[in-house]
Amino acid sequence: TQLLEQSPQFLSIQEGENLTVYCNSSSVFSSLQWYRQEPGEGPVLLVTVVTGGEVKKLKRLTFQFGDARKDSSLHITAAQPGDTGLYLCAGVIGYGNKLVFGAGTILRVKS
Amino acid sequence: GAGVSQSPRYKVAKRGQDVALRCDPISGHVSLFWYQQALGQGPEFLTYFQNEAQLDKSGLPSDRFFAERPEGSVSTLKIQRTQQEDSAVYLCASSLLVAGAGELFFGEGSRLTVL
């Protein structure tokens, strides 16, 4: 059973469309991170959210951490082909050491 | 380079062979993680080191898997008597801070194929 459930698993959209990716858990996270991974490479950090209700913006990407710190979302505005990749959420449950990842959302943006 | 370095990038092993995968983290990084990743899936946690101490090895799938970081820098993941189900990309990541507190910097991974 995945501690972090991501949805959708796969998303194929046209350039210019908007999309939202979700990351949900029944557990409370002390912090949550979003990573993006391209084929043949390791994941690269996009953002870290720490406070419940926090919203962070990174150009066309908007990240939100749920009030109860159990869920998060990533919204991309006007997607571009360069956004194509595997999007992963990751978090540490409570104050332990185990940083766990969701199964990921594969995003494909067609031009 | 200044990033996390993993070797070998690709390893083909015959079933039953032992393999060793090496990770050179960023200098001075306290935390080091090993993950196993199947194609198109998220990384699955294997083990975590804080300096030389292995604080969590709950993700190691069997006693055939062993990891060490004897001097708090370079780490080695060893898999004994490899099986086909061990085929995956093994990712190493390091962080300046303790788990979850800072950014993880990943290597490019070691792709293991067991025939």
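Quantities reported herein were computed from a predicted structural model and do not represent experimental measurements. Numbering of residues starts from 1 in each chain and follows the order in which that chain's sequence is written. All chains are assigned letters beginning with A, and all ligands numbers beginning with 1, in the order in which they are written. Note on the predicted model: pLDDT of at least 70 is required for a residue's local features to be given, and 80 or more for side-chain atom pairs to be given and counted; whole-chain, interface and lining totals, by contrast, use all residues. Side-chain descriptors were evaluated using all non-hydrogen atoms of the structure, hydrogens and water having been removed beforehand.

### Remarks on the layout of surface pockets
In this structure, the largest pocket spans a volume of roughly 460 Å³. A cavity here means a set of 1 Å grid points, computed over protein atoms only, where a 1.4 Å probe fits but cannot escape. A pocket is an open set with protein on both sides within 12 Å along at least 5 of 7 lines, and lining residues have an atom within 4 Å of a point. If you trace the largest pocket, you find 25 residues lining it, with A:Q37, A:P39, A:G40, B:L39 and B:R111 closest to the centre. At the level of elements, strand 9 (85-93) and strand 11 (105-110) of chain A together with strand 9 (88-95) and strand 11 (110-114) of chain B are the ones that each hand at least two residues to the lining of the largest pocket. Sorting elements by how many residues they give to the lining of the largest pocket places strand 11 of chain B first, with four residues. Broken down by class, the residue content of the lining of the largest pocket amounts to 11 nonpolar, nine polar and five charged. Grid points are joined across faces, edges and corners, and a volume is the space filled by probe spheres set on the points. The way it works is that DSSP assigns letters per residue, a run of H or I at least four long becomes a helix, a run of E at least two long becomes a strand, and they are numbered from the N terminus. We call Asp, Glu, Lys and Arg charged. Ala, Val, Leu, Ile, Met, Phe, Trp, Tyr, Cys and Pro are nonpolar, and the rest, Gly among them, are polar.

### Thoughts on the sheet that holds strand 1 (residues 5-7) of chain A
Residue and element names in this part refer to chain A. Here five strands make up an open sheet; going across it, the order is 1-3-8-7-6 and the pairing antiparallel. Only two strands of the sheet have a single partner each, and these edge strands are strand 1 and strand 6 (55-58). The average angle at which neighbouring strand axes cross in this sheet is 15 degrees, direction not considered. Any two strands between which DSSP finds at least two bridges are classified as paired. To define axes, lines are fitted to C-alpha atoms, for helices over the stretch in contact only, and angles between the resulting N-to-C directions are given on a 0 to 180 degree scale.

### Some points on the state of the cysteines
All names here are of chain B. The disulfide criterion is simple: two cysteine sulfur atoms within 2.5 Å. Tallied over the full model, the rule gives two disulfides over all chains. The disulfide that involves C23 links it to C92, with 1.9 Å between the sulfurs. The S-S bond linking C23 to C92 shows a torsion near -65 degrees; that makes this disulfide left-handed. Here C23, found in strand 3 (residues 19-24), pairs with C92, found in strand 9; they are 69 residues apart in sequence, far enough to count as distant. When accessible area is computed with a 1.4 Å probe and restricted to protein chains, residues below 20% of their type maximum are described as buried, those above 50% as exposed, and intermediate ones as partly exposed. Accessibility expressed as a relative area gives 0% for C23, which makes it buried.

### Observations concerning the packing of aromatic side chains
Here a ring pair, both rings aromatic, is described through the centre-centre distance and the interplanar angle of the planes. Ring geometry is summarised as follows: Phe, Tyr and Trp rings, the Trp one being its six-membered ring, pair when their centres sit within 6.5 Å, and such pairs are stacked at plane angles under 30 degrees, edge-to-face over 60 and tilted between the two. Tallied over the entire structure, the rule returns 11 aromatic pairs over all chains. Ring centres of A:Y35 and B:F106 lie 5.9 Å apart, and the angle between their planes is 85 degrees; this geometry places the pair in the edge-to-face category. On the criterion of chain membership, the pair formed by A:Y35 in strand 4 (residues 29-37) and B:F106 in strand 10 (residues 105-106) is interchain, its members lying in two chains. For B:F106, a relative accessible area of 12% gives the class buried. A centroid spacing of 6.1 Å and a plane angle of 80 degrees characterise the contact between B:Y35 and B:F45, whose relative ring orientation is edge-to-face. Remark: B:F45 occurs in strand 5 (residues 44-50) and B:Y35 occurs in strand 4 (residues 31-37); sequence separation between them is 10 residues. Residue B:F45 is classed as buried on the basis of its relative accessible area of 8%. Taken together, the ring pairs connect A:Y35, A:F101, B:F33, B:Y35, B:F45, B:Y48 and B:F106 into an aromatic cluster.

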